[in-house]
Amino acid sequence: MITALLHGRPALLGALVLLSLSTSGCAVHQWKMNELSRQVGYTDPAVLLQQLEQTETPDRDQVQRWLNRGMLHLLNGDLAAARSDWEQAKQRIESLQAASVTENVGAATVNETFRAYDGTPSERILLHTLLALSYLADGDLDGARVEVLQSDVMVRALQEGEALNGQLAIARYVGGLVYELGGEWDNAYIAYQKAFNIMQARNQSPPSALKLSLIRSAQRAGRRDEVERWYKAFGTPSPLESGEGELVIIAMQGLVSAKTQAAASVYAPGLQQYNFAGAADVPRPAPWLRAPHYSIARPRSARCPDGVDREHRSLGTRGLRGRERQNYGSDDGSNGR
Amino acid sequence: MTKQWIQTGVVALFALSMAACGGTKVQRIDTNETVDLSGAWNDTDSRLVSEEMISDALARPWVADHVRKTGDRPAVIVGTVRNLSHEHINVNTFVNDMERSLINSGRVDFVASAQERQEIRDERVDQDLNASAATRNEAGQELGADYMLKGEINTIVDREGKQQVRYYQVDLTMISLADNRKVWIGQKKIKKYVKNANLRF
């Protein structure tokens, strides 16, 4: 049908060729991103940064570039550069929340890669958490607090769809730490409690650090009933001796696991044939875990070199974009948009 | 019919992708002109806050009271102005604006802040070693502040879908270093209704 349509219409054929080229450019970019992410943990981050700089990025994938480059800057020990990239990513994500007319037309007529990448809900929350940690590392408590507040506003916006959408226990825990460092014990307690609630809703057992933080912040906030409640739940922790302190180490462990996509075929009686009906994300164990203190945001790159993935994208399958499982046991439950 | 739709769609998409190409455009505007782009704290907010705070600080009796008691202008030091808002706000802009206007009013002296002082002291130590005796500035001659200016910026953000209300409250307090008395409290509130676009090109 397409051939018949194009016959005798060179202008239309030219437009289609240009569109195909722009789409293939994206595929090449995705493949390069994926190759870079595979080298994390094995290659000097400075070398990877150079490689990333040499990679051309379509404007619609700029957010992904900033996220990845920011993480590479972090691995390279350049906090200011990492923060600069993440701040840019944050602003662009905000501006991309309005639906795009051209991207929707492109996605509907060609394929999903025409949509600008704006991160999954959990990635958006994680971005605030990484920024908060970077400000803390620079000793800027107020800067970290800004990120915690912004994260809170975003969580509330995301919850309009689904209660646990985008929620990360680590984000709440870091928020609690920031409040605690500022002496805001009531806010700290609320943040820790929210971290606990998220883990409970996901049937995860809270780590001992969170239990201690809950008890300590409830005590300092003067919430006696709550202290009793946590004592019953967790037992009575031994108090710190005079002159003792608490050292909190936040270790980012490895990379998020890459995902592959699996397709299911169903029989459509009206079409008298089998068709792709959907796809599932299958977590794949990440073999590259040599950078134990850092994690890297790899929103779309995990999918690109996979043949199945490309096939899905060429079919214009919706809802396949950029979901990744966080290795701290949380998920946003979204469809990637 | 289907052919026509596909043809129209492809041509429209091509035209739109070409229309997206465009260069950067720069236009110089007056520094007092109000341009609200995102609804976030901007230069206009900073200017409004500093103007309100300055006029209020100079209109209150603490300056005259101090002159009457001591015979000297009050010396003020800027302490911590904390940003407790939802945004990364550069508080230095309006604090510097306030400092400049209060000094230029001729009624208040400002002494260097803790960070600034260290650099001055380093220079003084250097002078002690390297400057001629006639031009050397001795240590121990600093003007001690009578008051410390402290403050914070707080916000409340209420968001529903694409709409949000941003409420800013800036509180500044002048505290007497002699007896911890609060001699002046300035407050400025700004409220914005922000509606983000549902559609973009």
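The structure under discussion appears in the preceding block.
Scope of this entry: the structure provided in the associated data block. Bear in mind the structure is a predicted one, so any value in this text is a computation, not a measurement.

## Examining the sheet that holds strand S1 (residues 75-84) of chain B
Residue and element names in this part refer to chain B. As summarised here, the arrangement of the five strands in space is S2-S1-S3-S4-S5, forming an open sheet in which the pairing is mixed. Of all strands in the sheet, those bounded by a partner on one side alone are strand S2 (109-111) and strand S5 (182-195). Neighbour-to-neighbour, the strand axes of this sheet turn through a mean angle of 25 degrees, independent of strand direction. One ladder, built from seven bridges, connects S1 with strand S3 (residues 147-160); its direction is parallel. Paired with Ile77 across the bridge in S3 is Met148. Taken strand by strand, helix H4 (residues 92-104) contacts S1, S2, S3, strand S4 (163-176) and S5, and its axis lies near 160 degrees from that of S1.

## Looking at the packing of aromatic side chains
Summed over all chains, the structure comprises seven aromatic pairs over all chains. Ring centres of A:Trp230 and A:Phe234 lie 5.2 Å apart, and the angle between their planes is 10 degrees; on these two criteria the pair is classed as stacked. Of this pair, A:Trp230 and A:Phe234 are both found in helix H12 (residues 224-234), four residues apart, which corresponds to roughly one turn of the helix. On the basis of relative accessibility, which here comes to 24%, the residue A:Phe234 falls in the partly exposed class. Between the aromatic rings of B:Trp41 and B:Tyr168, the centroid separation amounts to 5.5 Å while the plane-to-plane angle is 55 degrees, which identifies the pairing as tilted.

## A look at a negative patch on the surface
Residue and element names in this part refer to chain B. A cluster of acidic side chains, namely Glu116, Glu119, Asp122, Glu123 and Asp126, defines a negative patch on the protein surface. Examined against the element boundaries, Asp126 turns out to sit in helix H5 (residues 114-130). On the basis of relative accessibility, which here comes to 37%, the residue Asp126 falls in the partly exposed class.

## Examining the packing of helix H10 (residues 185-201) of chain A against helix H11 (residues 208-220) of chain A
All names here are of chain A. Two elements in contact, H10 and H11, have axes separated by 8 Å at closest approach and are oriented at 145 degrees. Both H10 and H11 take part in a crossing whose hand is left-handed. Residues Trp185, Ala188, Tyr189, Tyr192, Gln193, Ala195, Phe196 and Met199 of H10 form the contact with H11, whose participating residues are Leu210, Ser213, Leu214, Arg216, Ser217, Ala218 and Arg220. Of the residues in the contact of H10 with H11, the class split is 10 nonpolar, three polar and two charged.

## Brief notes about unusual backbone geometry
Despite not being glycine, A:Asn203 shows a phi value in the positive range, around 55 degrees. Position of A:Asn203 relative to the elements: it lies in the loop between H10 and H11. For B:Asn180, which is not glycine, the phi dihedral falls at a positive 65 degrees. When you line up the elements, B:Asn180 lands in the loop between S4 and S5. For B:Asn180, a relative accessible area of 62% corresponds to the exposed category.

## Considering helix H5 (residues 79-95) of chain A
All names here are of chain A. Relative to the 24 Å expected for 17 residues at 1.5 Å per residue, H5 spans 24 Å between its end C-alpha atoms, a close match to the ideal helical length. Among the residues making up H5, those that are buried are Leu79, Ala81, Ala82, Arg83, Asp85, Trp86, Glu87, Ala89, Lys90 and Ile93. Elements that come into contact with the buried residues of H5 comprise helix H4 (62-75), helix H7 (121-137) and helix H8 (141-158).

## A closer look at a nonpolar patch on the surface
A cluster of nonpolar side chains, namely B:Ile29, B:Val35 and B:Leu37, defines an oily patch on the protein surface of about 310 Å² accessible area. Inspection of the secondary structure puts B:Val35 in the loop between helix H1 (2-19) and helix H2 (43-59).

## Examining the nonpolar core
Counting 50 residues, the largest nonpolar core has A:Trp86 and A:Leu210 as the members making the most contacts within it. Residue assignment for this core shows that the elements contributing at least two residues are H4, H5, H7, H8, helix H9 (169-181), H10, H11 and H12 of chain A. Once you skip the residues sitting within four places of it in the chain, A:Trp86 turns out to touch A:Trp66, A:Leu67, A:Gly70, A:Met71, A:Leu74, A:Leu127, A:Leu130 and A:Leu131. Counting 28 residues, the second-largest nonpolar core is a separate cluster that includes B:Ile54, B:Trp62, B:Met98 and B:Tyr147.

## Focus on the side chain of B:Gln164
All names here are of chain B. Mapped onto the elements of the fold, Gln164 is located in strand S4. Of the residues examined, Gln164 reaches a relative accessible area of 5% and is grouped as buried. Of the polar contacts made by the side chain of Gln164, one reaches the side chain of Arg166; its length is 3.0 Å. Apart from the residues lying within four places of it in its own chain, the contact partners of Gln164 are Val157, Asp158, Arg159, Lys192, Tyr193, Val194 and Asn196.

Rules behind the numbers
- Residues numbered from 1 in each chain as written.
- Chains lettered and ligands numbered in written order.
- Predicted model: local features only at pLDDT ≥ 70, side-chain atom pairs only at ≥ 80, totals over all residues.
- Heavy atoms only, no water.
- Pairing = 2+ DSSP bridges.
- Helix = DSSP H or I, 4+ residues; strand = E, 2+ residues; numbered from the N terminus.
- Axes fitted to C-alpha atoms, helices over the stretch in contact; angles between N-to-C directions.
- Contact = heavy atoms within 4.5 Å.
- Phe/Tyr/Trp six-rings, centres within 6.5 Å; stacked < 30°, edge-to-face > 60°.
- Buried < 20%, exposed > 50% of the residue type's maximum accessible area, 1.4 Å probe, protein only.
- Patch = residues over 30% accessible without salt bridge, like charges linked within 9 Å, V, L, I, M, F, W, Y side chains within 5 Å.
- Areas by Shrake-Rupley, 256 points an atom, 1.4 Å probe, with all protein chains shown as cover.
- Salt bridge = Lys/Arg side-chain N within 4 Å of Asp/Glu carboxyl O.
- Lys, Arg positive; Asp, Glu negative; His and termini not counted.
- Charge placed at Lys NZ, Arg CZ, Asp CG, Glu CD.
- Left-handed = near helix turned anticlockwise from the far one by under 90°.
- Nonpolar A, V, L, I, M, F, W, Y, C, P; charged D, E, K, R; others polar.
- Expected span 1.5 Å × (residues − 1).
- Core = buried A, V, L, I, M, F, W, Y, C linked by side-chain atoms within 4.5 Å.
- Polar contact = N/O pair within 3.5 Å; in protein donor to acceptor, adjacent residues only side chain to side chain.

Just geometry here; none of it tells us what the structure is for.
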